[in-house]
Amino acid sequence: MTPVVDSYAVIGNPIAHSRSPWLHAAFAQQTQQAIRYDRCLLPTDGFAQGLSQLRDNGLMGCNVTVPFKGDAFALAQWHSPAALLAQACNTLWWDGQTLKADNTDGVGLVRDITYNAGVQLSGQRILIVGAGGAAAGIVGPLIAAGCGHIHMANRTAHKAHDIIERHQLMAGQHGCTLSASALDALHVPPSQHETPAAKLSSFDVIINASAASLGGQRIALPSALVHSRTLAIDLMYGPSSRVFLDWANAQGCATRDGLGMLVEQAAQSFFIWRGVMPSTAGVLAQLRAMVDAPCD
Ligand code: NDP
């Protein structure tokens with residue numbers, strides 16, 4: 001008789017590259033949870049229908065990646081505070097008939113910075129480049145972690161302004177200030193800043209949350225934005241992240257790719273579904289070795 005196991009999946013388009021099945025298999029083995037976790041490719045206009053079919057076949061929960069994080073948000077009937085602020089979800093599950101949604105990207109990033117990298121965020125000045133789904137998901141957890149100021153700069157400025165606007169109330173409650181601008185504004189000399197100059201100089205942490213590295217393009221930033229202890233992070237991981245991180249290294253920054261965030265956000269999803277928090281350090285080390293291994 002086939003053993004009955006709880007079924008999960010990662011849903012996206014494309015999805016073949018996803019490391020999530022490997023990660024959740026590692027977590028399940030470590031915590032002795034009997035689950036299966038599959039990759040699921042859905043047509044870009046077929047998220048709701050595809051999810052419904054997967055549910056009929058016994059799916060208990062799923063991770064959601066590009067381009068469906070917004071569809072997942074729209075379809076869910078209950079949202080965590082993180083999902084409401086991000087207006088995008090990477091974690092879905094059913095509670096009875098209710099489809100619930102959370103966004104664990106930001107908590108994953110904060111855990112990677114503070115726990116894996118050992119960098120404290122309290123009072124720090126943060127620059128986020130990009131205003132897509134990933135950027136939207138990290139602002140709330142960075143505020144909650146005690147950051148002092150967060151500036152978001154994006155090629156399309158209004159998207160950054162919109163995300164920052166909906167986080168203003170939370171930021172005020174945590175004593176964090178927020179600002180936003182076009183990406184180009186980072187190159188304007190301080191004397192000509194419309195935004196107060198102090199807001200656009202010398203960041204403690206610079207996070208490339210744009211998809212530029214994915215397309216092999218480097219985000220060109222002025223070196224005045226960094227100081228000798230700046231940590232530069234690209235949410236992309238592996239060789240593609242080097243296009244930004246090599247520039248940051250050349251400026252004297254410490255650098256970090258998005259692999260730790262990937263592992264930590266997956267662990268948070270696993271905890272939501274299974275009620276058990278896996279240990280991430282060994283899993284991250286194993287995945288690092290796989291990602292950095294030379295290709296044949
Ligand atoms: P989205 O498509 O939602 O957003 C893309 C963002 O990048 C937009 O703000 C877009 O600007 C900007 N952008 C794209 N190309 C360029 C460019 N050449 N120059 C400047 N800005 C550019 O993507 P996501 O937010 O979902 O993903 C962003 C990155 O984060 C990806 O590299 C993804 O792999 C990574 N990621 C990593 C995770 C992890 O766990 N490590 C989790 C989630 C994402 P505009 O608005 O003007 O179009």
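Everything below is about the structure printed above this text.
Cut-offs applied
- Residues numbered from 1 in each chain as written.
- Predicted model: local features only at pLDDT ≥ 70, side-chain atom pairs only at ≥ 80, totals over all residues.
- Heavy atoms only, no water.
- Pairing = 2+ DSSP bridges.
- Helix = DSSP H or I, 4+ residues; strand = E, 2+ residues; numbered from the N terminus.
- Contact = heavy atoms within 4.5 Å.
- Axes fitted to C-alpha atoms, helices over the stretch in contact; angles between N-to-C directions.
- Near = heavy atom within 4 Å.
- Polar contact = N/O pair within 3.5 Å; in protein donor to acceptor, adjacent residues only side chain to side chain.
- Areas by Shrake-Rupley, 256 points an atom, 1.4 Å probe, with all protein chains shown as cover.
- Nonpolar A, V, L, I, M, F, W, Y, C, P; charged D, E, K, R; others polar.

**Q** Is there a simple way to explain the sheet that holds strand β4 (residues 78–79) in this structure?
**A** In sheet architecture, strand pairing relies on hydrogen bonds along the backbone and comes in two forms, parallel and antiparallel. Across the sheet, which stays open at both edges, the six strands sit in the order β2-β1-β3-β5-β6-β4 with mixed pairing between neighbours. Only two strands of the sheet have a single partner each, and these edge strands are β2 (35–41) and β4. Examined bridge by bridge, strand β5 (residues 91–95) and strand β6 (residues 98–102) share five bridges and lie antiparallel to one another. By the bridge assignment, W94 is partnered in β6 with L99. Strands β1 (6–12), β2, β3 (59–64), β5 and β6 of the sheet are contacted by helix α10 (residues 259–274), whose axis makes an angle of about 0° with β5.

**Q** Can you help me understand the site of the ligand in this one?
**A** Not every one of the 24 residues close to the ligand is listed here, only the nearest: A134, N154, T156, K159 and Q217. Interatomic distance of 2.9 Å between a side-chain N/O atom of R155 and an oxygen atom of the ligand. At 2.8 Å from a nitrogen atom of the ligand is found a side-chain nitrogen or oxygen belonging to Q217. Against a free-state accessible area of 930 Å², the protein chains account for coverage of 80% of the ligand. Elements with a contribution of two residues or more to the shell around the ligand: α6 (133–144) and α10. Across the shell around the ligand, the residue classes tally to 12 nonpolar, eight polar and four charged.

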